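Spelled out from the first residue to the last, the chains are:
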Amino acid sequence: MNTKEIMELSDQYLMRNVGRIALAPVRGEGARLWDADGLEYLDFVSGIAVNSLGHCPQPVADAISWQAHQLMHCSNLYYIEPQALLAKLLVDNTDLDKAFFCNSGAEANEAAIKLARKYAKQNYDDNKFEIITARDSFHGRTLATVTATGQPKYQKGFEPLPGGFKYVPFNDLGALEEAIGPSTCAVLLEPIQGEGGVNVANFEYLEGAARLCQEHGALLIFDEIQTGLGRTGSFLAYEHYGVTPDIVTLAKALGGGFPIGAMLAKEKVAATFKPGDHASTFGGNPLACVAALAAMQELLYGGALENAVSVGGYFFEQLKGLAAKYDYVKEVRGLGLLLGMELSVKGKPFVEGCHKRGLLINCVNDYILRFIPPLIITTEDVDLAVGILDEVMAEYKSE
Ligand SMILES: *Cc1c(COP(=O)(O)O)cnc(C)c1O
């Protein structure tokens, strides 16, 4: 089928729950994508920070294909070797002690919310159930996680929302200090707000949040679904801050393109869950776990982390160059290869202009161009992308 045919079929049979772009990718390799009409794109969206190792990374594809002939699924009623190995790998490379596996980011956050609630009930009292999150945060689309998401646009129409959530402005320690109290069971934060506009937490904020949590017997949960697994140049983003949370949630890049999510917790918190407390039929199945094992080994030992730092730094400087050239660029920010460019004008025409020239980028919160390419991109890829963006920006100026 060509792009037009795929679009027509989709529009006829799929729910219109997302705003789709007129592009039908059919093949990917590294940082390149090809659509149903044979056009090539440089992919600086990478499945929204999922394809961190590029499209179809060989070790991940091989692991999936081998495992698909051994055992795809068997149930968490049983012991699963690749699940245990993946848990060990994640624990060995973080400051957390135990893992729970699920299929998506929202499920990981859902599990974290349940764990924090139960922990507070067991160790304190029934009134300690409130979760504090930040405005402009994004934590998922299930009822609890969309409630945790501090953006009314995602919640509208789905009321009544579950109770027990409270919002504070991001990077405002005073506001958090005012909001936290004996009824707070957890503070849930992204070290860098991805969907909210690539808003980077200050060091003082995360350090202060950890201190406040400690003082009030609340757990600190970091949603690293977007920032984790090399995206910012370290395995997890909290390493940049030297602030260790009690719970971390992961998904997106974990499976190298295959769906899998995880919640990691400190031993004393993880011990709250007893057999029967929480589960997932598919979570941590053999197929997903071998994909994640292969992806994480490649990430840790294949040079992608180091590349995210060096190419990320280079990309940041190039974007700064564009910022100096065009007065409608307000700021360039981010860490590693999670970069944002805030404009004083809407970002949509730039996304469309780049698309027409073969570069995929996206825009969050209307005004912020977000760049989340695979971590394996080269400086040549960056030069190509920045060149295209420069052309689009120059045209916009002359309009
Ligand atoms: C993408 C994302 C989620 C939701 O993950 P899904 O897999 O879509 O459920 C949650 N939190 C953050 C920070 C994300 O970027």
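Relevant structure appears above.
The following refers to the structure shown. Owing to the predicted nature of the structure, the values given are computational and were not obtained by experimental measurement.

1. So, a nonpolar patch on the surface
And step 1. On the surface, Met-1, Leu-9 and Tyr-13 cluster together into a nonpolar patch covering about 390 Å² of accessible area.
And step 2. For Met-1, the location among the structural elements is in the segment before α1 (3–13).
And step 3. For Met-1, a relative accessible area of 64% corresponds to the exposed category.

2. Quick word on the pattern of salt bridges
And step 1. Applying the stated criterion across every chain, the model contains 17 salt bridges.
And step 2. A salt bridge links Lys-118 to Asp-277; the nearest nitrogen and oxygen atoms lie 2.7 Å apart. With Lys-118 in helix α5 (residues 105–123) and Asp-277 in the loop between α10 (267–270) and α11 (286–301), this pair connects stretches of sequence that are 159 residues apart.
And step 3. The exposure class assigned to Lys-118 is partly exposed, which follows from its relative accessible area of 29%.
And step 4. Of the charged contacts, one joins Lys-348 and Glu-352 as a salt bridge, the two residues approaching to 3.7 Å between their closest N and O atoms. With Lys-348 and Glu-352 both in helix α13 (residues 348–356), this residue pair falls four residues apart, about one helical turn.
And step 5. The partly exposed category is assigned to Glu-352, whose relative accessible area is 41%.
And step 6. Each of Lys-330, Glu-331, Arg-333 and Glu-342 takes part in a single network of salt bridges with overlapping partners.

3. Let's talk about the sheet that holds strand β1 (residues 25–29)
And step 1. Taken together, the four strands give an open sheet; going across it, the order is β1-β2-β3-β15, and neighbouring strands pair in mixed fashion. The sheet terminates laterally at β1 and β15 (359–360), the two strands that pair on one side only.
And step 2. For β1 and strand β2 (residues 32–35), the ladder comprises four bridges, and the chain directions are antiparallel. Opposite Arg-27, over in β2, you have Trp-34 as the bridge partner.

4. Topic: the site of the ligand
And step 1. In the vicinity of the ligand, the contacting residues are Ser-104, Gly-105, Ala-106, Asn-109, Phe-138, His-139, Gly-140, Glu-190, Asp-223, Ile-225, Gln-226 and Lys-252.
And step 2. Lys-252 is positioned with one of its side-chain polar atoms (N or O) 2.6 Å from an oxygen atom of the ligand.
And step 3. When the ligand is considered free in solution it has 380 Å² of accessible area, and contact with the protein chains removes 81% of it.
And step 4. If you map the ligand onto the pockets, it falls in the largest pocket.
And step 5. It is α5 that provides the largest number of residues to the shell around the ligand, a total of three residues.
And step 6. When its residues are assigned to classes, the shell around the ligand shows three nonpolar, six polar and three charged.

5. Some thoughts on empty space enclosed by the protein
And step 1. Summed over all chains, the structure comprises one cavity of 30 Å³ or more.
And step 2. There is about 30 Å³ of room inside the largest cavity.
And step 3. In this structure, the largest cavity is lined by Val-50, Ser-52, Leu-53, Leu-229, Ala-253, Gly-256, Ala-295, Met-296 and Leu-299.
And step 4. The residue inventory of the lining of the largest cavity, partitioned by class, reads seven nonpolar, two polar and no charged.

6. Side note on the layout of surface pockets
And step 1. Put simply, the largest pocket is a space of about 1,500 Å³.
And step 2. Gly-19, Ile-48, Glu-195, Asn-362 and Arg-370 are, among the 46 residues lining the largest pocket, the residues nearest its centre.
And step 3. Those elements that place two or more of their residues in the lining of the largest pocket are α2 (46–49), α5, α7 (152–155), α13 and β16 (362–364).
And step 4. Considering each element in turn, the lining of the largest pocket owes the most residues, four residues, to α13.
And step 5. Classifying every residue of the lining of the largest pocket gives 18 nonpolar, 16 polar and 12 charged.
And step 6. Its boundaries defined by the atoms lining it, the second largest pocket holds a volume of some 890 Å³.
And step 7. Every residue lining the second largest pocket is counted, 30 residues in all, and those nearest its centre are Gln-83, Ala-99, Phe-100, Phe-101 and His-278.
And step 8. Classifying every residue of the lining of the second largest pocket by side-chain character gives 18 nonpolar, six polar and six charged.

7. Here we look at the pairing of strand β14 (residues 338–343)
And step 1. Along β14, six of the six residues are buried, which leaves the element largely enclosed by surrounding structure.
And step 2. With burial as the criterion, each face of β14 is covered, one bearing Leu-338, Gly-340 and Glu-342 and the other bearing Leu-339, Met-341 and Leu-343.
And step 3. In this structure, strand β13 (residues 329–335) lies alongside β14, joined through six bridges in antiparallel fashion. Considered in β14, the bridge of Gly-334 is made with Leu-339.
And step 4. Between β13 and the antiparallel strand that follows it, β14, lie two residues; Gly-336 among them carries a positive phi value of about 60 degrees.

8. Side note on the packing of helix α4 (residues 81–92) against α11
And step 1. Between α4 and α11, whose axes approach to 8 Å, the crossing angle comes to 30 degrees. Judged by the twist between their axes, the crossing of α4 over α11 is left-handed. On α11, the residues touching Pro-82, Gln-83, Leu-85, Leu-86 and Leu-89 of α4 are Pro-286, Cys-289, Val-290, Ala-292, Leu-293, Met-296, Gln-297 and Leu-300.
And step 2. A per-class count over the contact of α4 with α11 returns 11 nonpolar, two polar and no charged.

Reading the values: the criteria
- Residue positions are given per chain, counted from 1 along the sequence in the order it is written.
- Predicted model: local features are reported for residues with pLDDT of at least 70 only, side-chain atom pairs are reported and counted for 80 or more only, and whole-chain, interface and lining totals are derived from all residues.
- Only hydrogens and water are set aside when side-chain values are computed; all heavy atoms of the structure are taken into account.
- In this analysis, a patch consists of residues with relative accessible area above 30% that form no salt bridge, clustered at 9 Å for like charges and at 5 Å for the nonpolar side chains Val, Leu, Ile, Met, Phe, Trp and Tyr.
- The method behind every accessible area is Shrake-Rupley, applied with a 1.4 Å probe, and residues are considered shielded solely by the protein chains displayed.
- What makes a salt bridge here is a side-chain nitrogen of Lys or Arg within 4 Å of a carboxyl oxygen of Asp or Glu, nothing more.
- Helix numbering and strand numbering both begin at the N terminus, where a helix is a DSSP run of H or I of at least 4 residues and a strand a DSSP run of E of at least 2.
- Relative accessibility under 20% of the residue-type maximum defines a buried residue, over 50% an exposed one, and the middle range a partly exposed one, all with a 1.4 Å probe and only protein chains included.
- When DSSP locates at least two bridges between a pair of strands, those strands are taken to pair.
- One heavy atom within 4 Å of a molecule or strand makes the whole residue count as near it.
- For the purposes of these results, a polar contact is taken to be a pair of N or O atoms within 3.5 Å, where, inside protein, one atom must be able to donate a hydrogen and its partner to accept one; residues adjacent in sequence count only when each atom of the pair is a side-chain atom.
- A pocket here means an open set of points on a 1 Å grid, computed over the protein atoms alone, that has protein on both sides within 12 Å along at least five of seven lines. A cavity is instead a set of points where a 1.4 Å probe fits but cannot get out; residues with an atom within 4 Å of a point line either one.
- Think of it this way: a molecule belongs to a cavity or pocket when more than half its atoms come within 2 Å of the grid points there.
- Polar here means any residue other than Ala, Val, Leu, Ile, Met, Phe, Trp, Tyr, Cys and Pro, which are nonpolar, and Asp, Glu, Lys and Arg, which are charged; Gly is therefore polar.
- Grid points are joined across faces, edges and corners, and a volume is the space filled by probe spheres set on the points.
- Axis lines are fitted through C-alpha atoms, for helices just across the contact stretch, and the angle between N-to-C directions can take any value from 0 to 180 degrees.
- For any helix crossing, the convention is left-handed if the near helix is rotated counterclockwise from the far helix by under a right angle, and right-handed if that rotation is clockwise.
- What makes two residues a contact is simply this: any of their non-hydrogen atoms within 4.5 Å.

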